[in-house]
Amino acid sequence: QVQLVESGGGLVQDGGSLRLSCAASGRTFSSYNMGWFRQAPGKEREFVAAITWSGVTYYADSVKGRFTISRDNAKNTVYLQMNSLKPEDTAVYYCAAPRTKGFLPNMGTLGAREYHYWGQGTQVTVSS
């Protein structure tokens, strides 16, 4: 089991940047596949980015080229660097992990229902 705690959200202007962090508990973090989701008011939770245990990354089309997901296994942390932020990026951002550790093909196609562990979320607000 893994516990996840997000940080780094806040208020930023259109075109600005933020870096979100997700600290994970447990001694087997390096074998976990990790993802970021977001949920805006009145909308469903949507996939943003994912990184496998081996470092393969996936992105939603809406953030490709602007966001970068990375991980530091020595710090049990996964990051989401968000550049060129837009007002439509405003949402609560969640860190999550599926139950499956290690090899996980097509991780970029997984929806929120396939993720088992979730953080509490961190608010990102982009003002125009």
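Just above sits the structure.
A quick note: this is a predicted structure, and the numbers were derived from the prediction, not measured.

*Asks:* Teacher, can you tell me more about the sheet that holds strand S1 (residues 4–7) here?
*Replies:* One key point about sheets: their strands pair by backbone hydrogen bonds, in either a parallel or an antiparallel sense. Taken together, the 4 strands give an open sheet; going across it, the order is S1-S3-S8-S7, and neighbouring strands pair in antiparallel fashion. Of all the strands in the sheet, the pair left with one neighbour each is S1 and strand S7 (67–72). Sheet twist, expressed as the average angle between the axes of neighbouring strands with direction ignored, equals 15 degrees. Alignment of strand S3 (residues 18–24) against strand S8 (residues 77–82), held across 6 bridges, turns out to be antiparallel. What sits directly across from Ser-21, in S8, is Tyr-79.

*Asks:* I would appreciate a short explanation of the nonpolar core in the present structure.
*Replies:* Side chains of a nonpolar character, in soluble globular proteins, are inclined to be buried together. Core analysis: the largest hydrophobic core is formed by 39 residues, its most contacted members being Leu-4, Met-34, Trp-36, Val-78, Leu-80, Met-82 and Tyr-93. The set of elements that each furnish at least two residues to this core consists of S3, strand S4 (34–39), strand S5 (46–51), S7, S8, strand S9 (91–98), strand S10 (115–118) and strand S11 (122–127).

*Asks:* Looking at this structure, I do not really get the packing of aromatic side chains. What am I missing?
*Replies:* The geometry of an aromatic ring pair is captured by two quantities: the separation of the ring centres and the angle between the planes. One pass over the full model with this rule turns up 6 aromatic pairs. Consider the rings of Phe-37 and Tyr-115, whose centres lie 4.8 Å apart with planes at 75 degrees: the pair is edge-to-face. Of this pair, Phe-37 sits in strand S4 while Tyr-115 sits in strand S10; the two residues are 78 residues apart in sequence, bridging distant segments of the chain. When the ring of Tyr-94 is compared with that of Trp-118, the centres are 6.2 Å apart and the planes differ by 80 degrees; the resulting orientation is edge-to-face. Of the two residues, Tyr-94 sits in strand S9 while Trp-118 sits in strand S10, which places them 24 residues apart along the sequence. According to the relative accessible area criterion, Tyr-94 is buried, its value standing at 13%. Clustering of aromatic rings is evident, with ring pairs tying together Phe-37, Phe-47, Tyr-94, Tyr-115 and Trp-118. The lysine or arginine in question, Arg-45, covers the ring of Trp-118, its NZ or CZ lying 4.7 Å from the ring centre. It is Arg-71 that lies over the ring of Phe-29; its NZ or CZ is 4.7 Å from the centre.

*Asks:* Just to check I follow, could you spell out the side chain of Asn-33 for this structure?
*Replies:* Examined against the element boundaries, Asn-33 turns out to sit in the loop between S3 and S4. There is a polar contact of 2.9 Å between the side chain of Asn-33 and the backbone nitrogen of Trp-53. A polar contact is formed between the side chain of Asn-33 and the backbone oxygen of Gly-102, at a distance of 2.9 Å. When near neighbours in sequence (up to four residues on either side) are disregarded, Asn-33 contacts Ile-51, Thr-52, Trp-53, Arg-71, Ala-96, Ala-97, Pro-98, Thr-100, Lys-101, Gly-102, Leu-104 and Met-107.

*Asks:* Even after reading the chapter, I still don't get the state of the cysteines, so can you show me in this structure?
*Replies:* Each disulfide is one covalent bond, formed between the sulfur atoms of two cysteines. Enumeration over the complete set of coordinates arrives at 1 disulfide. Paired through a disulfide, Cys-22 and Cys-95 show a sulfur-sulfur distance of 2.1 Å. Because the torsion about its S-S bond is -75 degrees, the bridge between Cys-22 and Cys-95 counts as left-handed. In this pair, Cys-22 sits in strand S3 while Cys-95 sits in strand S9, placing the two residues 73 residues apart along the sequence. Residue classification places Cys-95 among the buried residues on the basis of a relative accessible area of 0%.

Rules and cut-offs
Position numbers for residues start from 1 in each chain and track the written sequence from start to end. Two thresholds apply to this predicted model, a pLDDT of at least 70 for residue-level local features and 80 or more for giving and counting side-chain atom pairs, whereas whole-chain, interface and lining totals are computed over all residues. The basis for every side-chain value is the complete set of non-hydrogen atoms in the structure, without hydrogens or water. Two strands are counted as paired when DSSP detects at least two bridges linking them. Segments assigned H or I by DSSP are reported as helices when at least four residues long, segments assigned E as strands when at least two residues long, and all are numbered from the N terminus. Between the N-to-C directions of two axes lies an angle of 0 to 180 degrees, each axis being a line fitted to C-alpha atoms and, for a helix, fitted only over the stretch in contact. For this analysis, a nonpolar core means a set of buried residues of the types Ala, Val, Leu, Ile, Met, Phe, Trp, Tyr and Cys, connected via side-chain atoms within 4.5 Å. The classification of residues rests on relative accessible area computed with a 1.4 Å probe and restricted to protein chains. Under 20% of the type maximum is buried, over 50% is exposed, and intermediate values are partly exposed. Centres within 6.5 Å are what make two rings of Phe, Tyr or Trp a pair, Trp counting through its six-membered ring; a difference in plane orientation under 30 degrees is then read as stacked, over 60 as edge-to-face, and the rest as tilted. The criterion is that NZ of a Lys, or CZ of an Arg, lies within 6 Å of the ring centre and within 35 degrees of the ring normal, and then a charge sits over that ring. In the analysis that follows, any N or O atom pair within 3.5 Å is treated as a polar contact, provided that within protein one partner can donate a hydrogen and the other can accept it, and provided that, for residues neighboring in sequence, both atoms belong to side chains. Any two residues whose heavy atoms approach within 4.5 Å at even a single point are treated as in contact. Defined by distance alone, a disulfide is two cysteine sulfur atoms within 2.5 Å.

All we've got here are geometric facts, nothing functional implied.
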